[in-house]
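Remarks on the overall topology
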Amino acid sequence: MRRKYGVADTTFSRIDMGAIAIKTITKEDPDAEIVRYTVPGIKDLPVAAKRLLDSGCDGVITLGWVGKSMLDKYSYLAASIGLITTQIITSKHVIDVTIHEDEAEDEEQLKNIAIDRVTKHSINLVKLIRDGKNSLTPFAGKGLRQGYGNAGPIED
Ligand code: RDL
Ligand code: RDL
Ligand code: RDL
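Residues numbered from 1 in each chain as written. Chains lettered and ligands numbered in written order. Predicted model: local features only at pLDDT ≥ 70, side-chain atom pairs only at ≥ 80, totals over all residues. Heavy atoms only, no water.

1. Quick notes on the environment of Ala-48
Here is the rule we go by: Secondary structure is summarised from DSSP: a helix means a run of H or I of at least four residues, a strand means a run of E of at least two, and numbering begins at the N terminus for each. Burial classes follow relative accessibility: with a 1.4 Å probe on protein chains only, a residue under 20% of its type's maximum area counts as buried, one over 50% as exposed, and anything between as partly exposed.
The residue Ala-48 is located in helix H2 (residues 45-54) in this model. With a relative accessible area of 0%, Ala-48 lands in the buried category. Measuring from C-alpha to C-alpha, the distance between Ala-48 and Ile-95 comes to 13 Å, with 47 residues separating the pair along the chain.

This is the structure in structure tokens:
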């Protein structure tokens, strides 16, 4: 059956991460139906995700951008709890991609983190939705990271 993916993004974000997610999902699952939902900011993402799932999406990826201030970080904590609650209520995956504006020294680095994180998590979403709960098991314990190079496993 044709899979339906939700992409929720924000106007607060300084990079069009929705476009990157749609491109990646389409490449990974050419048969995919994708529904995009853009909201003002991260605190609006939980209801966007829930509405996408209620309307038939099999899973959702949310794309958030967190500013540098403490107030922004509190907003992210609230949004994150909302996103996790949405997953529990709906029993469906909501992959939370978040870029923290203070993660990088300059805009170029921030952009590279965003592209890497969105791309890798879009692939994770497709795997989980299309291939099921053991789709990531071959990578368990491998120290995979999104936004950076992998940390790698601790060998014995
Ligand atoms: O519902 C309207 C807004 O309250 C909502 O869009 C918030 O997520 C907006 N917002 C903040 O109020 C804030 O203090 C955001 C941030 N910080 C932030 O860092 N990133 C956002 N929104 O996407
Ligand atoms: O839904 C996709 C991701 O948001 C989710 O997998 C997170 O749990 C990933 N993650 C972080 O975003 C983070 O800031 C993790 C950590 N830190 C962490 O320390 N350990 C994790 N995930 O397993
Ligand atoms: O150790 C360096 C990073 O892994 C660490 O700072 C993480 O917390 C960075 N990070 C986020 O801040 C986040 O919001 C990660 C994710 N999301 C994520 O989804 N995957 C990561 N890191 O590997």
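Once you've had a look at it, read on.
2. Concerning the pattern of salt bridges
Short version of the rule: Whenever Lys or Arg places a side-chain nitrogen within 4 Å of a carboxyl oxygen from Asp or Glu, that contact is recorded as a salt bridge.
Under the defined criterion, the tally for this structure stands at eleven salt bridges. Of the charged contacts in the structure, one is a salt bridge between Arg-2 and Glu-33, with a shortest N-O distance of 4.0 Å. Pair noted here: Arg-2 is in the segment before strand S1 (4-10) and Glu-33 is in strand S2 (residues 33-39), with a separation of 31 residues, a long-range link. Using a relative accessible area of 48% as the deciding quantity, one classes Arg-2 as partly exposed. A salt bridge links Glu-101 to Arg-14; the nearest nitrogen and oxygen atoms lie 2.7 Å apart. Here the residue Glu-101 occupies a position in the loop between strand S4 (94-100) and helix H4 (107-131), and Arg-14 occupies one in the loop between S1 and helix H1 (17-28), the gap between them amounting to 87 residues. Given the relative accessible area of 14%, Glu-101 is considered buried. In this structure, a network of salt bridges that share partners links the residues Asp-9, Asp-16 and Arg-36.

3. Concerning the site of ligand 3
The criterion, for reference: Definition of nearness: a residue and a molecule or strand are near each other if at least one heavy atom of the residue lies within 4 Å of the molecule or strand. Think of a polar contact as two N or O atoms within 3.5 Å of one another; within protein, one of them needs to be a possible hydrogen donor and the other a possible acceptor, and neighboring residues in sequence only count if both atoms come from side chains. Here the Shrake-Rupley method, with its probe set to 1.4 Å, supplies the accessible areas, and only the displayed protein chains count as covering residues. Just so you know the grouping, Ala, Val, Leu, Ile, Met, Phe, Trp, Tyr, Cys and Pro go in nonpolar, Asp, Glu, Lys and Arg go in charged, and all remaining residues, Gly too, go in polar.
Around ligand 3, the surrounding shell consists of Thr-98, His-100, Glu-103, Arg-117, His-121, Arg-145, Gln-146 and Tyr-148. Between ligand 3 and His-121 there is a distance of 2.8 Å, counted from an oxygen atom to a side-chain nitrogen or oxygen. Between Gln-146 and ligand 3, the recorded distance is 2.7 Å, taken from a side-chain N or O atom to a nitrogen atom. About the coverage of ligand 3: the protein hides 55% of its 470 Å² of free accessible area. Put simply, the parts of the chain that give the shell around ligand 3 at least two residues each are S4 and H4. Taken together, the residues of the shell around ligand 3 break down into one nonpolar, four polar and three charged.

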